[in-house]
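Coordinates in review
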Amino acid sequence: MARETPQSGGRAGAVTAAAVLVVALAVALTAVFAGSDVVRVLGLGDSRSTTWKAGTPAEPPPVVLAAMDSQAPMPSQAGVTAVLAPLLAAPALGPHITASVVDVATGQVLYSSEPDAAMTPASTTKVVTAAAVLAALGPAYRIKTRVVAGTQPGEVVIVGGGDPTLAVFPTPFYPGAPRMDDLAAQVKEALGGTVPTRVIYDVSLYTGSGIEPGWDSDATTGGSGAVITPLMTEGARRNPTRYSARFPQPDVQAAQSFAKALGLPQSAIAAGTAPQGTKELGKVESAPLVRLVETMLLESDNVLADALARQVAIAKGQPASFEGAAAAMKTVLSELNLPVTGYGLVDGSGFSRNNRLSPALLTGVLAMAARSDRAEMRGIFSGLPVAGYSGTLATRFTKAQEGAAAAGLVRAKTGTLTGVNSLAGIVVDADGRALAFAFMADQTTDGGQAVVALDRVAAALATCGCR
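Everything numeric in this text was worked out from a predicted model, so none of it was measured.

What follows covers the packing of helix H5 (residues 180-191) against helix H6 (residues 250-261). Where H5 meets H6, the closest approach of the two axes is 9 Å, and the angle between their N-to-C directions is 55 degrees. Overall, the two elements H5 and H6 adopt an arrangement that is oblique. Our pair here, H5 against H6, has a crossing hand that is right-handed. Where H5 approaches H6, its residues Met-180, Asp-181, Leu-183, Ala-184, Val-187 and Lys-188 are matched on the opposing element by Ala-254, Ser-257, Phe-258 and Ala-261.

Written out as structure tokens, the structure is:
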């Protein structure tokens, strides 16, 4: 199993909103205005370095995330093909790579290679999960965690609602997460003079296994994922780091944390279900769904992704399981008139090797997210990592020969498993035209070189007019 490359500088400095313009490094972006020559754009034919003269101020660098211009000339199919086809034939991408490039404003296909093929998507799956959950529930929706009175005096029942971000660390891992100690304070106040005696934890919201059969053996122990339960804290992390080891029973650990916050020993917990019609003693809510989607995409958070997929299942009346979530997401995508040919998801994270998605579906989702008339989908666009600056692209697009000319100009979701490399996102090309792209390779043998090859393709698309 391969992890997505962690961002540098930590999540506190992440770019999570399209309105934020980050000033780019001049060295990384000088090639942006060098024209459409792909060799020059990728720094493959010019090893000259810049010499700064004392007393001569450098020109200010351009801002990243260039504005889209709907009146800009659209690239031609022949122009895009001439630029991309040689780069997509790079040996590092292996013998099988599929692709889709579409114009955001018109939906016109500018380049395709097996666009409807069912490919292993890895973490580009999260783009589809984001679209499904935003469409099903809306960007303002919040996931609730409730506590109700039990059947005995002092007995309380914490009901897992599917929010994996519940905070117990002094500084929460997830921005804006609700705190377990706040929930406990509400419960104590609601109980009045009654002393808490026992915590029942209700995890009946989910059904089926918390581990997808297609996950690698270290999926829940290697720091990239966890057993999926409707009650957990900090994504089941043992410490506030991205790749922290996870608790093997997240629901039990969460119940113990709640008991501790109530002043009870860890032994004062038991599994059960909430009685019907009982008094609510407290409630906390997650950050708005749009914030969760942004975090999921930026950090490529597998636990958050599978939790959000189950919210789609609940919204569509399906069982809150891996199977129910996959079926519900397909229903939502169909309702959005997106192409579901090649759809074969089995989880919401892309962790499973049994997942299948097509490049055409990915570009369809991305083009929708970038359009001004689909405000409910904007969380996808704003959550995508920015090349050379944030999330899983923070350490990519940083060298001249690895697409540095496009630093700050590409927003994309990465996908990485052993033998699988994909990249899907949005670029604004040299003429100001917004393009959605998806490149998916499923037979790579050198993951590092495949990443570089994909970045070069995205950089070439971003920095040429391709007419």
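Ordered by their spatial adjacency, 5 strands build an open sheet running S8-S6-S4-S3-S9, and the pairing between neighbours is mixed. Taken across any chain shown, the strands that pair with only one partner, and hence form the sheet edges, are strand S8 (269-271) and strand S9 (280-285). Strand after strand, the sheet turns through a mean of 20 degrees between neighbouring axes, direction not considered. As paired elements, strand S3 (residues 144-149) and S9 share 5 bridges and run antiparallel to each other. Paired with Thr-145 across the strands is Val-284, a residue of S9. The sheet strands contacting H5 are S3, strand S4 (155-159) and S9, and the helix crosses S9 at an angle near 160 degrees. Contacting S3, S4, strand S6 (198-202) and S8, H6 crosses the sheet at an angle of about 150 degrees to S6.

The buried fraction of strand S11 (residues 420-428) amounts to 9 of the 9 residues, a majority that puts the element mostly inside the structure. Side chains of S11 alternate between two faces, with Val-420, Ser-422, Ala-424, Ile-426 and Val-428 and Asn-421, Leu-423, Gly-425 and Val-427 buried alike. In terms of strand pairing, strand S10 (residues 410-417) meets S11 through 8 bridges, oriented antiparallel. Bridge pairing links Thr-416 to Asn-421 in S11. Pairing of S11 with strand S12 (residues 434-441) involves 8 bridges; the strand directions are antiparallel. Note on S12: the bridge partner recorded for Ser-422 is Met-440. Between S11 and S12, which pair antiparallel in sequence order, lie 5 residues; one of them, Gly-432, sits at a positive phi of approximately 90 degrees.

Turning to helix H8 (residues 302-315), a few remarks are in order. Across its 14 residues, H8 extends 20 Å between first and last C-alpha, which sits within 8% of the 20 Å expected from 1.5 Å per residue. Here H8 lies mainly inside the structure; 12 of its 14 residues are buried. Among the residues of H8, Asn-302, Val-303, Leu-304, Ala-305, Asp-306, Ala-307, Leu-308, Ala-309, Arg-310, Gln-311, Val-312 and Ala-313 are the ones counted as buried. Near the N-terminus of H8, the side chain that reaches the backbone nitrogen of Val-303, with its oxygen 3.2 Å away, is that of Asp-301. Taken from the residues just after H8, Gly-317 is the one with a positive phi, measuring 75 degrees.

Parameters and conventions
- Residues numbered from 1 in each chain as written.
- Predicted model: local features only at pLDDT ≥ 70, side-chain atom pairs only at ≥ 80, totals over all residues.
- Heavy atoms only, no water.
- Axes fitted to C-alpha atoms, helices over the stretch in contact; angles between N-to-C directions.
- Helix = DSSP H or I, 4+ residues; strand = E, 2+ residues; numbered from the N terminus.
- Parallel < 35°, antiparallel > 145°, perpendicular 65-115°, else oblique.
- Left-handed = near helix turned anticlockwise from the far one by under 90°.
- Contact = heavy atoms within 4.5 Å.
- Pairing = 2+ DSSP bridges.
- Buried < 20%, exposed > 50% of the residue type's maximum accessible area, 1.4 Å probe, protein only.
- Expected span 1.5 Å × (residues − 1).
- Polar contact = N/O pair within 3.5 Å; in protein donor to acceptor, adjacent residues only side chain to side chain.

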